[in-house]
Amino acid sequence: MTQSAISIVGLEKTYAGGKRALDGVSLEIPRGSIFGLLGPNGAGKSTMINILAGLVNKTGGTANIWGFDIDAHPRNAKRSIGIVPQELVFDAFFTPYETLELAAGLFGVPPKQRRTMELLRAVHLDDKAHVYSRSLSGGMKRRLLVAKALVHNPPVLVLDEPTAGVDIELRAQLWDYVKELHAQGTTVVLTTHYLEEAEALCDRIAIVNQGRIIANDATSTLLATAGDKKLTVLVDRDLAAVPPGLEARTELRGDRTLVLTYDKRERNAGQVLAAVAAAGLGVVDVSTQEADLEDVFLELTRAHG
Ligand code: ADP
């Protein structure tokens, strides 16, 4: 079996004050994946990331990064991971160039092996290399933090809520770069509470809720497990209300469009359409829609709530 990028077993964190943020989390993040840690605010995602970063002490369990136990080999573990924090934190009086040089120095990267300009080019900040960081826009600061997380060339890059409060254009740019890094072999882990983000980017997703993992699967598998499916039917006459005899969850949109939500484990589209025909309606057009991650998420959090 190939070794995981990150391997977590029975991870626990109870904060001073008694808040139990992680309640025995076990998780394998495969090398080469774009892995999503998805969960509502307060689920424990940042706590998990901060433990991996060495910023928060766990109160139980073990964690391994690129084969290095964070207790037994903290230096090697830290060298194997780059973390882009949620907050835009760095010294406003350093230039981007200095910021990266300093970070590389802290990781003990010898000057000859530093890739400062290369990284600044990669995040499109090379023309800002020598201006004060405080004069950068929010988006540029975010990109600088990505570059900073990469100064030691780590095999694993973790982005903690990277697009919270980030505008759509920048979000797209950031994702393009993350995809590029992934294509070059970097394992990417991102925490998010944006379902579409996880759905669009991640090949695997673990859902965290109240300090526990409640699902962990390939994104496509996760989506396939959701039971609800929607059938949108255009009928051949105007309706004033949903006719009797259809699915319980049927909505009338406009005069002629019925949106029928059904559980695909109980019925198939043919049966749903047969009921429409039996109600005396002619079907002009049909489209179907699979459940999205939001449905999965709601089903799971309800089941584990
Ligand atoms: P997420 O990143 O999923 O939003 P967090 O890991 O930040 O979740 O938080 C998990 C839980 O732990 C929350 O209830 C939060 O209030 C609590 N928590 C986080 N940091 C601390 C702290 N330093 N002290 C006490 N409680 C904390």
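Residues numbered from 1 in each chain as written. Predicted model: local features only at pLDDT ≥ 70, side-chain atom pairs only at ≥ 80, totals over all residues. Heavy atoms only, no water.

### Points about the domain arrangement of the chain
Logical step 1: Per the domain assignment, the segments making up the chain are domain 1 (1-80 + 154-169 + 181-225) and domain 2 (226-303).
Logical step 2: Put simply, the middle of domain 1 and the middle of domain 2, counted by C-alpha atoms, are 36 Å apart.
Logical step 3: Counting residues at the interface gives 15 residues for domain 1 and 13 residues for domain 2.
Logical step 4: Across the interface of domain 1 and domain 2, roughly 1,100 Å² is buried in total on both sides, 71% from carbon and sulfur atoms.
Logical step 5: Counting the surface domain 1 buries against domain 2, the share from its top three residues, L195, L223 and T225, is 43%.
Logical step 6: Connecting domain 1 to domain 2 are zero salt bridges.
Logical step 7: Our count for the contact surface shared by domain 1 and domain 2 stands at zero residue pairs in polar contact (both at pLDDT 80 or more).
Logical step 8: Those elements that provide at least two residues to the side of domain 1 that touches domain 2 are α7 (195-201), β9 (204-209), β10 (212-218) and α8 (219-225). (Domains from an automatic or database assignment. Contact = heavy atoms within 4.5 Å. Buried area = accessible area lost by both parts, 1.4 Å probe. Salt bridge = Lys/Arg side-chain N within 4 Å of Asp/Glu carboxyl O. Polar contact = N/O pair within 3.5 Å; in protein donor to acceptor, adjacent residues only side chain to side chain. Helix = DSSP H or I, 4+ residues; strand = E, 2+ residues; numbered from the N terminus.)

### Re the pairing of strand β2 (residues 20-30)
Every regular strand shows the same layout, with side chains that alternate between the two sheet faces.
Logical step 1: As judged from the eight bridges shared by strand β1 (residues 4-14) and β2, these two strands associate in the antiparallel manner. Residue pairing for β2: I8 is matched across the bridge by L27.
Logical step 2: Remark: five residues form the turn of the hairpin made by β1 and β2, two consecutive strands paired antiparallel; G17 in that turn has positive phi of roughly 105°. (Pairing = 2+ DSSP bridges.)

### Comments concerning the site of the ligand
Logical step 1: Around the ligand lies a shell formed by Y15, K19, A21, P40, N41, G42, A43, G44, K45, S46 and T47.
Logical step 2: At 3.3 Å from a nitrogen atom of the ligand is found a side-chain nitrogen or oxygen belonging to Y15.
Logical step 3: T47 has a polar side-chain atom sitting 2.5 Å from an oxygen atom of the ligand.
Logical step 4: For the ligand, the protein covers 62% of the area, taking 560 Å² as the surface of the free molecule.
Logical step 5: Sort the elements by how many residues they give to the shell around the ligand and helix α1 (residues 45-52) lands first, with three residues.
Logical step 6: A breakdown of the residues in the shell around the ligand according to their chemical character gives four nonpolar, five polar and two charged. (Near = heavy atom within 4 Å. Areas by Shrake-Rupley, 256 points an atom, 1.4 Å probe, with all protein chains shown as cover. Nonpolar A, V, L, I, M, F, W, Y, C, P; charged D, E, K, R; others polar.)

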